[in-house]
Amino acid sequence: MRLLWKLVILLPLINSCAGDGLLSRPIFTQEPRDVIFPLDLSKSEVILNCAANGYPSPHYRWKQNGTDIDFTVSYHYRLDGGSLAISSPHTDQDIGMYQCLATNLLGTILSRKAKLQFAYIEDFETKTRSTVSVREGQGVVLLCGPPPHFGVPDISWRRLDGSPLPGKVKYSKSQAILEIPNFQQEDEGSYECIASNLRGRNLAKGQLIFYAPPEWEQKIQNTYLSIYDNLLWECKASGKPNPWYTWLKNGERLNPEERIQIENGTLIITMLNVSDSGVYQCAAENKYQIIYANAELRVLASAPDFSKSPVRKKSFVQVGGDIVIECKPNAFPRAAISWKRGTETLRQSKRIFLLEDGSLKIHNVTRSDAGSYTCIATNQFGTAKNTGSLIVKERTVITVPPSKMDVTVGESIVLPCQASHDPSIDVVFVWFFNGDVIDLKKGVAHFERIGGESVGDLMIRNIQLNHSGKYLCTVQTTLESLSAVADIIVRGPPGPPEDVKVEDISSTTSQLSWRAGPDNNSPIQIFAIQTRTPFSVGWQAVATVPEILNGKTYNATVVGLSPWVEYEFRVVAGNSIGIGEPSKPSELLRTKASVPVVAPVNINGGGGSRSELVITWESIPEELQNGEGFGYIIMFRPVGSKTWSKEKVASVESSRFVYRNESIIPLSPFEVKVGVYNNEGEGSLSTVTVVYSGEDEPQLAPRGTSVQSFSASEMEVSWNAIAWNRNTGRVLGYEVLYWTDDSKESMIGKIRVSGNITTKNITGLKANTIYFASVRAYNTAGTGPSSPPVNVTTKKSPPSQPPANIAWKLTNSKLCLNWEHVKTMENESEVLGYKILYRQNRQSKTHVLETNNTSAELLVPFEEDYLIEIRTVSDGGDGSSSEEIRIPRMSSLSSRGIQVLEPSTHFLSIVIVIFYCFAIQPLI
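Residue numbers here run from 1 along each chain, matching the order of that chain's written sequence. Per-residue local features are limited, in this predicted model, to residues with pLDDT of at least 70; the limit for side-chain atom pairs, both in listing and counting, is 80 or more; totals at the level of whole chains, interfaces and linings are taken over all residues. Each side-chain value is derived from all of the structure's non-hydrogen atoms; neither hydrogens nor water enter the calculation.

## Some points on the nonpolar core
Nonpolar side chains in soluble globular proteins tend to be buried together.
Point 1. Ranked by internal contacts, the top residues of the largest apolar core, which has 24 residues, are Trp216, Ile220, Trp233, Trp247, Leu267 and Leu297.
Point 2. Runs of H or I in DSSP of at least four residues are treated as helices and runs of E of at least two as strands, each being numbered from the N terminus. Looking at this core, the elements that each hand over two or more residues are β19 (231–234), β21 (244–249), β24 (266–269), β25 (278–285) and β26 (290–300).
Point 3. Here the nonpolar core consists of buried residues drawn from Ala, Val, Leu, Ile, Met, Phe, Trp, Tyr and Cys, with membership extended through side-chain atoms lying within 4.5 Å. Remark: exposure states derive from per-residue accessible area (1.4 Å probe, protein chains only) relative to the maximum for the residue type, with buried under 20%, exposed over 50%, and partly exposed in between. Judged by nonpolar contacts, the second largest core, of 21 residues, contains Ile413, Ala419, Phe429 and Tyr471.

Here it is as structure tokens:
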């Protein structure tokens, strides 16, 4: 009884140290293994390794063949850390089984057993061998084989139980060796080898036995129990033969007692006391090996303690909710639990529950439940108390939940989500779309949170079809999570129709079929077919039968196609929202050929040489040729004739035909019509058009040609008209040729005039240069002979210097201007006079005043600015202009302090002042 008291007193200290992680049982990190030691190295040393972790650090002992080794007696044994070193081992006394034991304050563990053996080899038997002689360079074989014998036997194998040999067996070349890879239990049994030759046969039998050393299937684990609890440990191992079990405590065999029951791998200890604490090992052993499973049993005894698991200081709950306040003190044995609210002891009721694990549960919490709660824990070693507070908050309620919406693609909507909550609680709004969180912090396109702290409204901008689905608003607090859901249906134009097929095609029609694509939440109301050819600009609508394709129509006939043209088709669908994307195009197919039906237009002609009839037309585009072998039919006859001449032009790109016949009279009228044909036959003809045959060039040159110069860059050529008759050739107009006689810069110009015009002004000429001119008539056949050339010298260049030193004065609405006379260079025309150009602004009309003097007077409006420039006039043309002068309006002169008075008796003196102060300043 006294011993038990001491253990109970010391146990809290051990428990405390163990709880703080200071004490730990030994655990092997290295165990000894079997060693085969060579006999001829007897002066060497054998090392059997052993090492373990634990706190305090373990100390080591060794057993040989089950007997403790006494290191004070056995001089050639020594400990090296935990390892056993045997110096100069002897075969007779050191052979055997060795086992390492590691011990610390918490107990002892045994290592696996290791066998020490010694290897040896003896000398060959002494035997005299006959001498072998060999010549240098020859080969030789020295036999070291069996004694002389007669007859090489046949060897075979079988199993004595009659079952076939495993398919995986392998034989040596002579079949003397049978190899069974990956030996399993089903390969176990008796095997027989039969050897036979001409002299007889012999048999040899052997038995293969399958065995397996123990392997753990279930190990014991560290266990911490309270005093007076019961322990149940079970370990289980496999092996062949089946292993038997032994239990050890602190390295010593554990035997059954009144409280200790051992049955194979099961250990039961009832009514634990502190002396049962220690390190236990379950050993599983068969004839081939022994293995150990280690675990620590710690029997605990202590008064209740809240230091490591106190009651929560503050517990929060909402009105109407449930709350569980845990009370889990450390106590061995388990403590009895009671609760107080303030000073009032709590008892079980309809709302208050004292749970089996010691926790306090309050159902349907009210404001009056707030306060302090104390847990009282008691066992035979003492009592402990711990107090926490219960804080009751108002419930959170979603006041404005999101509602179901039906919207059109592209719109922007707001899903409301607003909540009322206790002011002291923070709320977080989280939105989910089809079960996935919408991460608004990453700037997800289309989604945006709007509103304040208690508002979680979600805006969806430019909503798309893939935004249809369930939207869940979750309101989260530290105490609860509420949610509300709404379905959003987004409707849009239909998706593209699918599987467009051309099932039949003729020269002008095609049969089409298709399948409807997604309706995007709005029923399809109409389909339309579009087509494209190599000649069309983009996709174009086509006529169909039926004319209207409703949303339930999936095939139609396309009509009005052109023969022999490659077509591809696509289908678009429409609903109440709009027209959707088109389908993928069908394969490219060509319509069948047919006779062309479109006749050429713009039939014309004429011209050409004498005895030619030239006929022209506008060629038919490829999409209207209706088949291969396309060409033109040309029909013509003289006006008044009843017989048509017919020619064919096989080129599809032709737009001109020339008929030659010496008998054709120039300018004879012909009736002409042009048709079309292809391999399918002849098509339509155009309406009749009158075309004239070719004519001769004009035969006469114009008379009376003259030329005169108007300026430095301009001259005029004139001539007499040619009277027309059939003999001299028709005249459609005249062609004026002009050139210079300068060999370095010779140039020829050519200008045509039509009709009866007999003069032509030519500009852009060089100054002071001799120009020659000649005139000839022309018609459709070409040009006639030229008139004799005439010449003229262009005027000198106009003055290059502009008028300078311009001065002005303004009196009322009269503007006086003065400037210096311009002197010309030797190669410039003399100044004949001056032009004054004036206007109100650059966009208004320009007025011109000419004068032979170097001064002028102008009447200008009283309230307007004026822009003025002055240039010279000469035979060579107008010279350079002065810089533009701006004359300010009268009111602006007054605003600058210049007096402008109406005429009066003082007019002269006022004019003098203005002229002196303002007008005589040269304008720059």
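## Points about the state of the cysteines
Defined simply, a disulfide is a covalent bond joining two cysteines at their sulfur atoms.
Point 1. Cysteine sulfurs are considered disulfide-paired once they come within 2.5 Å of each other. Counted under the stated rule, the structure contains 4 disulfides.
Point 2. The disulfide partner of Cys417 is Cys473, and the gap between their sulfur atoms is 1.9 Å. As the torsion about the S-S bond is roughly -80°, the Cys417-Cys473 disulfide counts as left-handed. Of this pair, Cys417 sits in the loop between β39 (413–415) and β40 (418–420) while Cys473 sits in strand β45 (residues 469–476), and the two are 56 residues apart along the sequence.
Point 3. Residue classification places Cys417 among the buried positions, given a relative accessible area of 0%.
Point 4. Residue class for Cys473 comes out buried when judged on its relative accessible area of 0%.
Point 5. When the cysteines engaged in disulfides are numbered in sequence order, the protein chain pairs them as 1-2, 3-4, 5-6, 7-8.

## Thoughts on a nonpolar patch on the surface
Point 1. A cluster of nonpolar side chains, Ile526, Ile548 and Ile579, forms an exposed patch at the surface whose accessible area comes to about 300 Å².
Point 2. Judged by relative accessible area, Ile579 falls into the exposed class, the value being 58%. Each patch is assembled from residues with relative accessible area greater than 30% and no salt bridge, linking like charges that lie within 9 Å and nonpolar side chains (Val, Leu, Ile, Met, Phe, Trp, Tyr) that lie within 5 Å. In these tables, accessible area is a Shrake-Rupley quantity obtained with a 1.4 Å probe, and a residue counts as shielded only by the protein chains included in the view. The term salt bridge refers to a pairing of a side-chain nitrogen on Lys or Arg with a carboxyl oxygen on Asp or Glu at a separation within 4 Å.

## A closer look at the confidence of the model for the protein chain
Point 1. pLDDT gives the predictor's per-residue confidence on a scale running from 0 to 100. Of all residues in the protein chain, 88% attain a pLDDT of 70 or more, and the chain-wide mean is 86.
Point 2. Note on contacts: a residue pair qualifies if any of its non-hydrogen atoms lie within 4.5 Å across the two residues. Across residues 1–21 the pLDDT falls below 50, and counting only partners more than four positions away or on other chains, this stretch makes 22 contacts in the model.
Point 3. Low confidence marks residues 142–151, where pLDDT is under 50. Its contacts with residues over four positions away, or in another chain, come to 6 contacts.

## Topic: the side chain of Ser711
Point 1. Tracing the backbone through its elements, the reader meets Ser711 in the loop between β64 (706–709) and β65 (715–718).
Point 2. Overall, Ser711 belongs to the buried group, its relative accessible area being 9%.
Point 3. When near neighbours in sequence (up to four residues on either side) are disregarded, Ser711 contacts Thr794, Lys795, Asp875, Gly876 and Gly877.

## What to know about the packing of aromatic side chains
Point 1. Pairing of aromatic rings covers Phe, Tyr and the six-membered ring of Trp, with a centre-to-centre limit of 6.5 Å; geometry is then stacked below 30 degrees between planes, edge-to-face above 60, and tilted otherwise. Scanning the entire structure with this criterion turns up 15 aromatic pairs.
Point 2. Centre to centre, the rings of Tyr211 and Tyr288 are 3.6 Å apart; their planes meet at 25°, and the pair counts as stacked. Placement of the pair is Tyr211 in the loop between β16 (200–208) and β17 (212–218) and Tyr288 in the loop between β25 and β26, with a sequence separation of 77 residues.
Point 3. Judged by its relative accessible area of 34%, Tyr288 falls in the partly exposed class.
Point 4. Centroid distance Phe630 to Tyr632: 5.2 Å. Interplanar angle 85°. Geometry classified as edge-to-face. The same class applies to Phe630 as to Tyr632, namely buried.

## Brief notes about the pairing of strand β41 (residues 428–433)
Point 1. β41 sits mainly inside the fold: 5 of its 6 residues count as buried.
Point 2. Pairing geometry for β41 and strand β42 (residues 436–437), over 2 bridges, is antiparallel. Looking at β42, one finds that Phe433 is bridged to Asp436.
Point 3. Adjacent in sequence and paired antiparallel, β41 and β42 are bridged by 2 residues, among which Asn434 carries a positive phi angle near 50°. Only when DSSP finds a minimum of two bridges between them are two strands counted as paired.

## Remarks on the pattern of salt bridges
Point 1. The tally for this structure, following the rule as stated, stands at 33 salt bridges.
Point 2. A salt bridge links Glu45 to Arg78; the shortest N-O distance between them is 2.9 Å. Within this pair, whereas Glu45 is found in strand β3 (residues 45–48), its partner Arg78 is found in strand β7 (residues 77–80), the two being separated by 33 residues in sequence.
Point 3. By relative accessible area, which is 34% here, Glu45 ends up partly exposed.
Point 4. On the basis of relative accessible area, Arg78 is assigned to the partly exposed category, the value being 39%.
Point 5. One salt bridge in this structure joins Glu566 and Arg590, with 3.9 Å as the shortest N-O distance. Of the two residues, Glu566 sits in strand β54 (residues 566–575) while Arg590 sits in strand β55 (residues 589–590), which places them 24 residues apart along the sequence.
Point 6. Under the relative-accessibility criterion, Arg590 is labelled partly exposed at 34%.
Point 7. Via salt bridges that share partners, Glu498, Asp499, Lys501 and Arg515 belong to a single interconnected network.

## Considerations on the sheet that holds β64
Point 1. Reading across from one edge, β64-β65-β68 is the order of the 3 strands in this open sheet, with antiparallel pairing throughout. Both outer strands of the open sheet, β64 and β68 (759–762), are each paired with one neighbouring strand and no more. Across the sheet, the axes of successive neighbouring strands diverge by a mean angle of 15°, strand direction being ignored. Note on geometry: axes are C-alpha line fits, over the in-contact stretch for helices, and angles between N-to-C directions span 0 to 180 degrees.

## A short note on the sheet that holds strand β72 (residues 807–811)
Point 1. One open sheet holds the 3 strands; their spatial order is β72-β73-β76, and the pairing between them is antiparallel. Both edges of this open sheet fall to β72 and β76 (855–859), since each of them pairs with a single strand only. Averaged over all adjacent pairs, the angle separating strand axes in this sheet is 15°, with direction ignored.

## Considerations on unusual backbone geometry
Point 1. Following Tyr55, the chain continues to Pro56 via a peptide bond in cis, the omega torsion being 0°.
Point 2. Mapping Pro56 onto the fold places it in the loop between β4 (51–55) and β5 (59–64).
Point 3. Residue Val545 is joined to Pro546 through a cis peptide bond whose omega torsion reads 0°.
Point 4. A positive phi angle, near 50°, is found at Asn250, a position not held by glycine.
Point 5. Note that Asn250 resides in the loop between β21 and β22 (252–253).
Point 6. A relative accessible area of 23% places Asn250 in the partly exposed class.
Point 7. In the Ramachandran plot, Asn364 falls in the positive-phi region, its phi being about 55° despite a non-glycine side chain.

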